[in-house]
Amino acid sequence: MALLITKKCINCDMCEPECPNEAISMGDSIYQINTDRCTECVGHYETPTCQKVCPIPNTIISDPAHQENEEQLWDKFVQLHHAHKL
Ligand code: SF4
Ligand code: SF4
């Protein structure tokens, strides 16, 4: 599933440059994740890198509204990065 940034976010700017899919951007008041671009870092890293760099525990969580299995996340990764090669 895609990940979700909760209201605990302190806008520390750590996660945005680390996302390999450019899924993170500044929203109205806190950072937000574009669910169409978040692969949970599948294809790039073993674990979600935004969660790793976020200094506030449990700020970036799994988005219950956007549940995807491993295969769907891989499909998303391929679409984002290799669509031009197909
Ligand atoms: S889990 Fe990975 S792809 Fe998703 S927003 Fe975080 S850094 Fe980006
Ligand atoms: S790393 Fe965490 S606290 Fe910092 S901007 Fe991203 S979600 Fe917010």
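Quick caveat: nothing in here was measured; it's all calculated off a predicted structure. (Residues numbered from 1 in each chain as written. Chains lettered and ligands numbered in written order. Predicted model: local features only at pLDDT ≥ 70, side-chain atom pairs only at ≥ 80, totals over all residues. Heavy atoms only, no water.)

(A) Local environment of the site of ligand 1. Around ligand 1 there are 13 residues in total, and C19, N21, C38, C41 and C50 lie nearest to it. If you map ligand 1 onto the pockets, it falls in the largest cavity. Of the residues belonging to the shell around ligand 1, the class tally is 9 nonpolar, 3 polar and 1 charged. (Near = heavy atom within 4 Å. 1 Å grid on protein atoms, 1.4 Å probe; cavity = no way out; pocket = protein on both sides within 12 Å on 5 of 7 lines; lining within 4 Å. Sits in = over half its atoms within 2 Å of the grid points. Nonpolar A, V, L, I, M, F, W, Y, C, P; charged D, E, K, R; others polar.)

(B) Highlighting the pattern of salt bridges. Throughout the structure, instances matching the rule amount to 1 salt bridge. Between E68 and K76 there is a salt bridge, with its nearest N and O atoms 3.0 Å apart. (Salt bridge = Lys/Arg side-chain N within 4 Å of Asp/Glu carboxyl O.)

(C) Spatial organisation of empty space enclosed by the protein. Taken as a whole, this structure holds 2 cavities of 30 Å³ or more when the rule is applied. In this model, the largest cavity occupies a volume close to 90 Å³. Surrounding the largest cavity, 14 residues form its lining, C19, I24, C38, C41 and C50 being those nearest its centre. Looking at the second largest cavity, the residues that line it are I5, C9, I10, C12, D13, C15, C54, P55, I56, T59 and I60. (Points joined across faces, edges and corners; volume = space filled by probe spheres on them.)

(D) Structural detail: the site of ligand 2. Near ligand 2 there are 13 residues, and of these C9, I10, C12, C15 and C54 occur at the shortest range. When atom positions are compared with the pocket grids, ligand 2 is found to occupy the second largest cavity. Of the residues that constitute the shell around ligand 2, the class distribution is 10 nonpolar, 2 polar and 1 charged.

(E) Expanded view of the packing of aromatic side chains. Going through the model one piece at a time under the given rule, you end up with 1 aromatic pair. Centre to centre, the rings of W74 and F77 are 5.5 Å apart; their planes meet at 90°, and the pair counts as edge-to-face. Here W74 pairs with F77, and both are found in helix α2 (residues 70-82), just 3 residues apart, close to one helical turn. Residue W74 is classed as partly exposed on the basis of its relative accessible area of 39%. By relative accessible area, which is 10% here, F77 ends up buried. (Phe/Tyr/Trp six-rings, centres within 6.5 Å; stacked < 30°, edge-to-face > 60°. Helix = DSSP H or I, 4+ residues; strand = E, 2+ residues; numbered from the N terminus. Buried < 20%, exposed > 50% of the residue type's maximum accessible area, 1.4 Å probe, protein only.)

(F) Structural context of the side chain of K76. Of note, K76 is situated in helix α2. A residue is classified by how much of its surface remains accessible, and K76, at 9% relative accessible area, is buried. With residues near it in sequence (within four places) discarded, K76 still touches A2, T35, D36, R37, C38, T39 and E68. (Contact = heavy atoms within 4.5 Å.)

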